[in-house]
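# A look at the structure
Below, each chain spelled out in residue letters.
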Amino acid sequence: MTDASMAGLFRRLAQGVHHQLAEWLRISSVYLGIAVIVTVSMGFALPGLRDQALQVHRALLTALAPESATQIAADDVVPAGGDSPTTVALAVPDVSASTATTLPGSVRRAAARPAGVASLIPSGVQIQSLRSYIARKYKVAYNATETLVDTAFQVAHQKKLDPLLVLAVIAVESSYNPMAESSMGAQGLMQVMPRIHKDKFASLADQGKGKANPLDPVSNIIVGSTILRDCINQRGSVAAGLACYEGTTVDDGYAERVQAERRRLALASGMALSRND
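Residues numbered from 1 in each chain as written. Predicted model: local features only at pLDDT ≥ 70, side-chain atom pairs only at ≥ 80, totals over all residues. Heavy atoms only, no water.

## Concerning the overall build of the chain
Per the secondary structure count, the chain includes eleven helices and zero strands. Element order for the chain, N to C, with α for helix and β for strand: α-α-α-α-α-α-α-α-α-α-α. Residue burial in the chain is summarised as follows: out of 277 residues, 39% are buried. Considering only contacts within the chain whose residues lie at least 6 apart along the sequence, 61% involve residues at least 24 apart. Here the chain has roughly 15,900 Å² of accessible surface; of this, 60% comes from carbon and sulfur atoms. (Helix = DSSP H or I, 4+ residues; strand = E, 2+ residues; numbered from the N terminus. Buried < 20%, exposed > 50% of the residue type's maximum accessible area, 1.4 Å probe, protein only. Contact = heavy atoms within 4.5 Å. Areas by Shrake-Rupley, 256 points an atom, 1.4 Å probe, with all protein chains shown as cover.)

Set out below in structure tokens:
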């Protein structure tokens, strides 16, 4: 074999090795890029998944535990920053003001509850978990949820409604946006039609129990709950009453969406659902 033939053979061999090495490096870089993307994505996703898992776990434990155990767990809650290990398990995260909806007026921060109202509101782990769920899912400032949830429980008690049903209607109607307005003119948290229920808002203002403004969160919840109660009384059941509240004769799944959110609220908070609703 001549020197030229040997040189050609080695050249082809070197070219083959170089090609294989280049292909291997290209494939490795692709897989490395995929690994980096997955790692970064998991870094963003895992904290939220961990918080959600802890919330569901806490809610299940609360729902399954005897009443005495639930009370003990509530008594063990300590302020954030304390030294007790229960602080980690029971701390309720606040939602950053940059990403959360801050409700106007009286809902920005609740004052101390009157004694009559305090007896209607669950305390401890359940109410904290409920407020945390609403704040996280609907991007509402955690501090704002106190008056909102208190109002829902108080008004629901007066109207003989499940407070979780009222909160579920708010979720489906407006996603907890107090400034929401539909193309049909419905406004506020519970999407009340001001031109139809103007008298109800005026009556609230005259009695000093609210404002004539349908965008006021507290007034909107009071009037919306009154309409919901009237609908249920007229139609004879919660499901039919929800269809009446939506204002449609066609079953578009509205009642089931409300009930599904109501069940999620109950699971997140550990509160029992009424079998009658």
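## As for the side chain of Ser174
Along the chain, Ser174 turns up in helix H7 (residues 163-174). When its relative accessible area of 7% is taken as the criterion, Ser174 is described as buried. For Ser174, the residues in contact, after removing those within four places along its chain, are Ala180, Gly188 and Leu189.

## A look at the nonpolar core
Counting 49 residues, the largest nonpolar core has Leu130, Ile134, Leu167, Tyr176, Leu242 and Tyr245 as the members making the most contacts within it. Every element with two or more residues in this core is listed here: helix H5 (125-138), helix H6 (145-159), H7, helix H8 (194-207), helix H9 (217-235), helix H10 (238-246) and helix H11 (254-269). Aside from chain neighbours lying at most four places away, what touches Leu242 is Leu165, Val169, Leu228, Tyr254, Ala255, Val258 and Gln259. (Core = buried A, V, L, I, M, F, W, Y, C linked by side-chain atoms within 4.5 Å.)

## A short note on the packing of aromatic side chains
Enumeration over the complete set of coordinates arrives at one aromatic pair. Between Tyr138 and Tyr176, the aromatic rings sit 4.9 Å apart at their centres with planes inclined by 40°, giving tilted as the arrangement. One end of the pair, Tyr138, is in helix H5; the other, Tyr176, is in the loop between H7 and H8, with 38 residues separating them in the sequence. Each of the two residues, Tyr138 as well as Tyr176, counts as buried. Its end group placed over the ring of Tyr142, Arg131 keeps NZ or CZ at 4.1 Å from the ring centre. (Phe/Tyr/Trp six-rings, centres within 6.5 Å; stacked < 30°, edge-to-face > 60°. Lys NZ or Arg CZ within 6 Å of the ring centre and 35° of its normal.)

## Some thoughts on the pattern of salt bridges
Across all of its chains, the model carries five salt bridges by this definition. Of the charged contacts in the structure, one is a salt bridge between Lys137 and Glu261, with a shortest N-O distance of 2.9 Å. A residue pair is termed long-range when its members are at least 10 positions apart, and Lys137 in helix H5 and Glu261 in helix H11 qualify at 124 residues. By relative accessible area, which is 39% here, Lys137 ends up partly exposed. The exposure class of Glu261 is buried, given its relative accessible area of 2%. (Salt bridge = Lys/Arg side-chain N within 4 Å of Asp/Glu carboxyl O.)

## Looking at the packing of H8 against H9
Between two packed helices, the angle of one axis relative to the other and the distance separating the axes together describe the packing. Where H8 meets H9, the axes come as close as 10 Å, and the angle between the chain directions of the two elements is 130°. Looking at the two axes, H8 sits oblique to H9. For the pair H8 and H9, the sense of crossing is right-handed. Here His197, Lys200, Phe201 and Leu204 of H8 lie close against H9, whose contacting residues are Ser219, Asn220, Ile222, Val223, Thr226 and Ile227. (Axes fitted to C-alpha atoms, helices over the stretch in contact; angles between N-to-C directions. Parallel < 35°, antiparallel > 145°, perpendicular 65-115°, else oblique. Left-handed = near helix turned anticlockwise from the far one by under 90°.)

## Here we look at unusual backbone geometry
The residue Lys139 is not glycine, and still its phi comes out positive at about 55°. For Lys139, the position within the fold is in the loop between H5 and H6. On the basis of relative accessibility, which here comes to 41%, the residue Lys139 falls in the partly exposed class. With phi around 55°, Lys160 is a residue other than glycine that occupies positive phi space. Its relative accessible area of 69% is what places Lys160 among the exposed residues.

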